[in-house]
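Observations on chain architecture
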Amino acid sequence: MPATVIVGAQWGDEGKGKIVDLLAQHSDLVCRYNGGPNAGHTIVVKGETYKLKHIPSGILRGKVCVIGAGCVVDAQVMIEELDDLETRGVSTGLVRLSGNAHLVMPWHLAIDRGSERRLGKLKIGTTRRGIGPTYADKAYRLGIRVQDLLDPKILRQKIEVALAEKNVWLERVYGAEPIQLGGLVERYEGYAERLRPLIADTSLLIDRALREGQRVIFDGAHGTLLDLDHGTYPFVTSSPTVAGGAAVGTGIGPTRIDSVIGVAKAYVTRVGEGPFPTEIEGANHDRLQELGGEFGTVTGRQRRCGWLDLVALRYAVRLNGITSLALTKLDVLSAFADLPVCVRYLLPNGAETADFPAHQSDFHHCRPVYETLPGWQEPLDGIESIRGLPDDARRYVEFVERELEVEVSLIGTGADRQRVLSPRGLETVAS
Ligand code: IMP
């Protein structure tokens, strides 16, 4: 390998957690490079469901799990996650947290809620986990970093300075209650005690691992179309979700990355507001949503569902430099006789394009041009190799490969960790 990025190729929730979990067995380190408690991985191991927010799913394989500088951490949520894993018998001793990661503070949560309320119909539809305000303060240089937890004097001073400004915002702009300083610093000193043993120079840790020839996975949170720079702005998250973010967000050079696996559902989902050309209307929507269990890991919100969009996926291949694709949840499509796949967009000026529009208005008003493939209409249970797939299911996968000129190296056929087909074998996927 040794360094592979695994990145969501749509609007998040593509099933990355399961793919990371699977490939983690052939790796030494699993590193998160962006996002915070707005991300969620659901992994089913032997019928037991784990919902992870901060901690990379490699934890279930006993791997070193890094939370990089590009992440934002809600200390309380992270500690609850650590405690829950420990209670269930999963050791968290190998979690390493960058001192440069930023903390989601109580005022960030309050501002996220206040801002969405204030935007009304124009709201982003955020996860309300304080993500945007935390990244905004990071850029504004008013953020509080994990390493500030290590020095009570610095911690108190930074909290006081930030809170003095944030309370003005909360009261005057959002009409919200101010946050009391009393007890807050002590609460964070308590978090510091719990997190202290995990705090490390994670850039150095990853560099050493790579020099020793260890295998490193970079686990991207969210999805390509939620990228702050290249996604469907403003309906995006506030961090770089694309593969290039792995270098920035963990502190390694881009030349260290060897391959990029894009994870895409065999259809598309989206949570929150924003344009979505292939969104399905009517009974098929509800059917797909129910069969796919399309309800958010973090917020429990219903996910909007659509047919596979190859224009958007082609864009994801380009932005991330995807070297192979993992196509997940193919089994969910077993229920449908016809499978429309979007191959081009019809733009408002009447032109058709196979490339993602550079201008937001074209994207907002485009219409999908579909090619309809026959469904296979049989369950994919018990299939153990690509040859065992129904012919039409195999043709669906081959169609995607042909259109995108990228190989599909993994195919998800069910929720359990075992139910992934890998035509070339697992060890070779991330190599
Ligand atoms: P935020 O990340 O909470 O600021 O939310 C911004 C947008 O990103 C909203 O549309 C969210 O629904 C979306 N979003 C953030 N994280 C995820 C994710 O992991 N999966 C799907 N959508 C997400």
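For the structure, see preceding data.
Just so we're clear, the structure is a prediction, and the values are computed from it rather than from any experiment.

Comments concerning helix α2 (residues 75–87)
- Under the 1.5 Å per step criterion, the end-to-end length of α2 is 18 Å for 13 residues, consistent within 8% with the ideal 18 Å.
- All buried positions along α2 are accounted for by A75, M78, I79, E81, L82 and L85. Looking straight down α2, one finds its buried side chains confined to an arc of 160 degrees; they lie on one side.
- Each element contacted by the buried residues of α2 is listed here: β4 (48–52), β5 (64–67), β6 (72–73), β7 (95–98), β8 (102–103) and α6 (184–195).

Overview of the pattern of salt bridges
- Applying the stated criterion across every chain yields a total of 24 salt bridges.
- Here D207 makes a salt bridge to R211, at a shortest N to O gap of 2.8 Å. Of the two residues, D207 and R211 are both situated in helix α7 (residues 202–211); the distance of four residues between them amounts to about one turn of the helix.
- Residue classification places D207 among the buried positions, given a relative accessible area of 17%.
- The partner of E279 in a salt bridge is R304, and the shortest N-O contact between them spans 3.0 Å. Within this pair, whereas E279 is found in the loop between β12 (268–270) and α9 (283–291), its partner R304 is found in strand β13 (residues 304–306), the two being separated by 25 residues in sequence.
- Among the charged side chains, a network of salt bridges with common partners joins D13, K265, E294, R303 and K329.

What about the sheet that holds strand β15 (residues 338–346)?
- Taken in spatial order, the three strands of this open sheet run β16-β15-β17, and their pairing is antiparallel. Only two strands of the sheet have a single neighbouring strand rather than two, namely β16 (352–353) and β17 (367–374).
- Across the face of the sheet, helix α10 (residues 310–320) comes into contact with β15 and β16 while running at roughly 65 degrees to β15.
- In this fold helix α12 (residues 391–404) packs onto β15 and β17, with an angle of close to 10 degrees to the strand it touches most, β15.

Observations concerning the packing of aromatic side chains
- Enumeration over the complete set of coordinates arrives at nine aromatic pairs.
- Ring centres of Y315 and F356 lie 4.3 Å apart, and the angle between their planes is 5 degrees; on these two criteria the pair is classed as stacked. Here F356 lies in the loop between β16 and α11 (360–365) and Y315 lies in helix α10, a separation of 41 residues in the sequence. Accessibility classification places Y315 together with F356 in one group, the buried group.
- Between the aromatic rings of F356 and F363, the centroid separation amounts to 4.7 Å while the plane-to-plane angle is 40 degrees, which identifies the pairing as tilted.
- Look at F363 and you get buried, because its relative accessible area is 4%.
- The aromatic ring of F336 is capped on one face by R287, whose charged end is 5.1 Å from the ring centroid.

A short note on the nonpolar core
- Ranked by internal contacts, the top residues of the largest apolar core, which has 55 residues, are I206, F218, L310, L313, L330, L333 and Y396.
- Residue contributions to this core peak at six residues, all from α12.
- Aside from chain neighbours lying at most four places away, what touches L333 is A266, Y267, L288, W307, L339, W376 and Y396.
- Listed in part, the 44 residues of the second largest apolar core include I43, I59, V95 and L103.

As for the sheet that holds strand β9 (residues 199–200)
- A sheet is described by the order of its strands in space; here 10 strands give the open sequence β9-β7-β5-β2-β10-β1-β11-β14-β18-β19, paired in mixed fashion. Where the open sheet ends on each side, the last strands, each with one partner, are β9 and β19 (420–421).
- Pairing geometry for strand β2 (residues 29–32) and β5, over four bridges, is parallel. Looking across to β5, one finds that L29 is bridged to V64.
- Packing of α7 onto the sheet brings it into contact with β1 (3–8), β2, β5, β7, β9 and β10 (216–219), and relative to β5 it is tilted by some 140 degrees.

Cut-off values and rules
Residues numbered from 1 in each chain as written. Predicted model: local features only at pLDDT ≥ 70, side-chain atom pairs only at ≥ 80, totals over all residues. Heavy atoms only, no water. Helix = DSSP H or I, 4+ residues; strand = E, 2+ residues; numbered from the N terminus. Expected span 1.5 Å × (residues − 1). Buried < 20%, exposed > 50% of the residue type's maximum accessible area, 1.4 Å probe, protein only. Arc of directions from axis to C-beta. Contact = heavy atoms within 4.5 Å. Salt bridge = Lys/Arg side-chain N within 4 Å of Asp/Glu carboxyl O. Pairing = 2+ DSSP bridges. Axes fitted to C-alpha atoms, helices over the stretch in contact; angles between N-to-C directions. Phe/Tyr/Trp six-rings, centres within 6.5 Å; stacked < 30°, edge-to-face > 60°. Lys NZ or Arg CZ within 6 Å of the ring centre and 35° of its normal. Core = buried A, V, L, I, M, F, W, Y, C linked by side-chain atoms within 4.5 Å.

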